[in-house]
Amino acid sequence: MSSAASPSLQATGGGSARPPFASLRSRVGASPWTYRLLVLAVVGTIWEIYAVNLRSLLIPTFSDTLVGVVTLVQDLATWDAFWKSNQSLLFGFSASLVVGILAGLAAARFRSIEGFLDPYLNILLVTPMAAIIPLLIMSLGIGLESRIVIVFVFALPVLIVNTRAGVRQVDAILVEMSTSFGASERQIWRKVLLPGALPAVMTGVRLGLGRAVTGMVVVELLFVAVGIGNLITTFRGSFDPDLLYGVVILVVFEALILISIVRAVERRIAPWAHGTVLRE
Amino acid sequence: MINIDRLSKTFPARGDDAHVEALKDVSLEVREGEFLTVLGPSGCGKTTLLRIIAGLETFEGGDVRVRGTSISGPGPDRAMVFQSFALLPWASVVANVAFGLELRGVPKAEREARAHDLIELVGLTGFEKRLPGQLSGGMQQRVGLARALAVDPEILLMDEPFGALDEQTRRLLQEELLAIWEQSRKTVIFITHSMEEAVLLGDRVVLMSPRPGRIVDIVDVPLARPRASAVDEMAGSAEFAQITADLWRRLREMQLFRRPARESAPSIGIGV
């Protein structure tokens, strides 16, 4: 739009009816997507310039990688590989959701459980998970079971820790208030501790999901060449860096979709937790 | 109505701190329909006393009876209003007010109808759907009061309920509490650290002293009832000023770390 056009636009759009372009511009300016896409464009451009100048066999250009993503999406073998990998994510992460949340709840409320769980939880948290994968493969074999267990072990600690922290940070005065109105232990759980812990539990679910996806890919890359890991290994061997990076982008994409689903669920079931300290 | 007989409570030693005698040989009789205020410096055990009556705290010696029956925990005959409001942050005003009824298994439609009545009583009509975080402190405590009244207790236990509010909001809530109480005539035990509040609201003021927590006196308040419509005149009257001044003099004597009087203060040489 030329600068000469804008005064006339503003003159017509006085009063409550704002000029259509100005409102569109302010809406675009306010949307976080504008800046997200801007960052992507900048990073993509830098990548493109860097790769073109380098002319390396191992570093694809940004545009080649995008083409690679499209090629992969059109190939049924890609979908097959993702399905194969995601089986371990599905079972492993579901199991860690159940076990992690229950263990976290129990540890938060009962001193005896906390006492015996705490050291093992610390061990789980500090152990580099990749280091124990060979151990699990040796004992469980290279089937789906060992991949499930690995995803489970990757996601478990953050689920326990966040759930426990969530219950702990529920204001004790609320429990006291409920008790004064005659609440039973069951009612305290259902009506105070669980709703109070929900935002932190959902944070744990999001973090755990990220770790579960990492576990899923790491085991396939390092030890059991199936699914996504197998794709990556194959493309590395055949010097197809555009496809290799394409797979990585697809994995990131999958993780982002899953995490935004969790976020949407969180907003729905725990809307009160979003009064934040964020500044405009 | 409530008989407290030689009540004693000790908090065990913790780390370097010696054990604390929160209450020692506290005896008190609360009359039916009475507005009793409990006044004392911090650490005098007034909140502990209230928590014991509420059934939230155990005690070692003595006995607490409500209508002749020794208490063994919280009961439907008592409801508490908390200093920090203690509202569920995820529940609407209606749900918070109905919470006590919900715990007692009252069906949803019934408890919400009751909650609406009380929301009207405390002047929160129009705010039913709000969450506590969207309300001012004064409004939050109105919710706390409505929640306690919703279960229709015989005894209302109030633990410095207006202590976290600003002066103006506090005065308005005091007036409203008086108006509600003058209509319902529930038995109220009201903890406070403000002399003015204790005198303005109470029929009698129980004066407590720390280390060990004990009752030192019970002062009758001769101000006429009903008071709700005459709070401002009362607060400005000579009689009111005299009672509060007297209470303050006695409270000041209890302060452990009070300044020595000016004439006996040691002279400190300031470098010249």
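These numbers were taken from a predicted model, which means no experiment stands behind them.

(A) Structural detail: the overall build of chain B. Scanning chain B from terminus to terminus reveals nine helices and 10 strands. With respect to the three principal axes, the spread of C-alpha positions in chain B is 75 × 45 × 40 Å. Evaluated residue by residue, chain B yields a buried proportion of 39% over its 272 residues. Counted over contacts in chain B with a minimum sequence separation of 6, partners at least 24 positions apart contribute 69%.

(B) Looking closely at the sheet that holds strand E8 (residues 187–192) of chain B. Residue and element names in this part refer to chain B. Taken together, six strands build an open sheet; the order of strands is E6-E7-E8-E3-E9-E10 and the sheet is mixed. Two strands close off the open sheet at either side, each with one partner strand: strand E6 (78–81) and strand E10 (214–220). If you compare each strand with its neighbour and ignore which way they point, the axes differ by 20° on average. Relative to E8, strand E3 (residues 35–39) runs parallel, the two sharing five bridges. Bridging from a neighbouring strand, leucine 36 pairs with isoleucine 189 of E8. Against the sheet, helix H5 (residues 137–150) engages E6 and strand E7 (155–159), with an angle of about 175° to E6.

(C) A look at the nonpolar core. Core analysis: the biggest nonpolar cluster contains 128 residues, and Val151 of chain A together with Val97, Leu157 and Ile189 of chain B have the highest contact counts within it. It is helix H8 (residues 144–168) of chain A that contributes the most residues to this core, 14 residues altogether.

(D) Highlighting the packing of helix H7 (residues 129–140) of chain A against helix H10 (residues 185–222) of chain A. Residue and element names in this part refer to chain A. Running from N to C, H7 and H10 cross one another at 55°; their axes reach a closest spacing of 11 Å. When the axis of H7 is compared with that of H10, the two are oblique. Pair H7 / H10 crosses with right-handed handedness. Residues Met129, Ala130 and Ile133 of H7 lie in contact with H10, whose contacting residues are Gly215, Val218, Val219 and Leu222.

(E) Representation of the pairing of E6 of chain B within the structure. Residue and element names in this part refer to chain B. Of the two faces of E6, the one holding Arg78 and Met80 and the one holding Ala79 and Val81 are both buried throughout. Judged from the four bridges that link them, E6 and E7 form a sheet pairing that is parallel. Among the inter-strand pairings, methionine 80 is bridged to a residue of E7, identified as leucine 157.

(F) Up close: unusual backbone geometry. All names here are of chain B. For the bond from arginine 211 to proline 212, the omega torsion is -10°, close enough to zero to count as cis. When you line up the elements, proline 212 lands in the loop between strand E9 (204–209) and E10. Between arginine 225 and proline 226 the backbone carries a cis peptide bond, its omega angle lying at -10°. The topology assignment puts proline 226 in the loop between E10 and helix H8 (231–236). Backbone geometry at phenylalanine 85 places phi at a positive 70°, although glycine is not the residue there. Residue position: phenylalanine 85 is located in the loop between E6 and helix H2 (93–97).

(G) Here's a closer look at H5 of chain B. Residue and element names in this part refer to chain B. Over its 14 residues, H5 runs 20 Å from end to end, which matches the ideal 20 Å to within 8%, given 1.5 Å per residue. Burial of H5 is extensive: 12 of the 14 residues sit out of reach of the surface. Within H5 the residues assigned to the buried category are Met139, Gln140, Gln141, Arg142, Val143, Gly144, Leu145, Ala146, Arg147, Ala148, Leu149 and Ala150. Against E6, H2, helix H3 (99–103), helix H4 (108–121), E7 and helix H6 (167–184) lie the buried residues of H5.

(H) Looking closely at the confidence of the model for chain A. On average, residues of chain A score 84 in pLDDT, and 89% of them are at 70 or above. At the low end of the mean pLDDT range in chain A sits helix H1 (residues 5–12) of chain A, at 42; at the high end sits helix H9 (residues 172–180) of chain A, at 94.

(I) Region of the structure containing the interface of chain B and chain A. Facing 19 residues of chain B, the contacting portion of chain A comprises 14 residues. Of all the elements in the fold, those that place two or more residues in the side of chain B that touches chain A are E6 and H3 of chain B. Top contributing element to the side of chain B that touches chain A by residue count: H3 of chain B, with three residues. Its residues assigned to classes, the side of chain B that touches chain A shows 15 nonpolar, three polar and one charged.

(J) Expanded view of the sheet that holds strand E5 (residues 69–70) of chain B. Residue and element names in this part refer to chain B. Ordered in space as E2-E1-E4-E5, the four strands form an open sheet in which the pairing is antiparallel. Two strands close off the open sheet at either side, each with one partner strand: strand E2 (20–30) and E5. In the sheet, strand E1 (residues 2–11) pairs with strand E4 (residues 61–66) via five bridges, with the strands oriented antiparallel. Bridge assignment links aspartate 5 to a residue of E4, and that residue is aspartate 63.

(K) Spatial organisation of the packing of helix H5 (residues 76–109) of chain A against helix H6 (residues 111–126) of chain A. Residue and element names in this part refer to chain A. Two elements in contact, H5 and H6, have axes separated by 6 Å at closest approach and are oriented at 120°. Looking at the two axes, H5 sits oblique to H6. With respect to the hand of their crossing, H5 and H6 are arranged in left-handed fashion. Contacts from Ala103, Ala106 and Ala107 of H5 reach H6 at Ile113, Glu114 and Leu117. Here the residues of the contact of H5 with H6 are counted per class, giving five nonpolar, no polar and one charged.

Each value, and the rule that gives it
- All chains use their own residue numbering, which begins from 1 and follows the written sequence.
- Whichever chain is written first becomes A and whichever ligand is written first becomes 1, with later ones labelled in order.
- A pLDDT threshold of at least 70 governs which residues receive local features in this predicted model, and a stricter bar of 80 or more applies before side-chain atom pairs are shown or counted, although totals over entire chains, interfaces and linings include all residues.
- Strands are runs of DSSP state E lasting at least 2 residues, helices are runs of H or I lasting at least 4, and numbering of each runs from the N terminus.
- Residues with at least 20 other C-beta atoms within 10 Å of their own are called buried, those with 12 or fewer are called exposed, and the rest are partly exposed. The C-beta atoms themselves are positioned from the backbone.
- C-beta atoms are first placed from the backbone for all residues, and any pair lying within 7 Å is then listed as a contact.
- Pairs of strands are assigned from DSSP output, requiring at least two bridges between the strands.
- As a rule, the C-alpha atoms of each element are fitted with a line to give its axis, helices using only the stretch in contact, and angles between N-to-C directions run from 0 to 180 degrees.
- Structurally, a nonpolar core is described as a collection of buried Ala, Val, Leu, Ile, Met, Phe, Trp, Tyr and Cys residues joined by way of C-beta atoms within 7 Å.
- In what follows, roughly perpendicular refers to angles from 65 to 115 degrees, roughly parallel to angles under 35, roughly antiparallel to angles over 145, and oblique to any angle outside these ranges.
- For a crossing to be left-handed, the near helix must be turned anticlockwise from the far one by less than a right angle; the clockwise case is right-handed.
- By this rule, a helix spans an expected 1.5 Å times one less than how many residues it contains.
- Each residue carries a pLDDT value, the predictor's own confidence for that position, ranging from 0 to 100.
- Gly is put with the polar residues, along with every residue not named as nonpolar or charged; the nonpolar set is Ala, Val, Leu, Ile, Met, Phe, Trp, Tyr, Cys and Pro, and the charged set is Asp, Glu, Lys and Arg.

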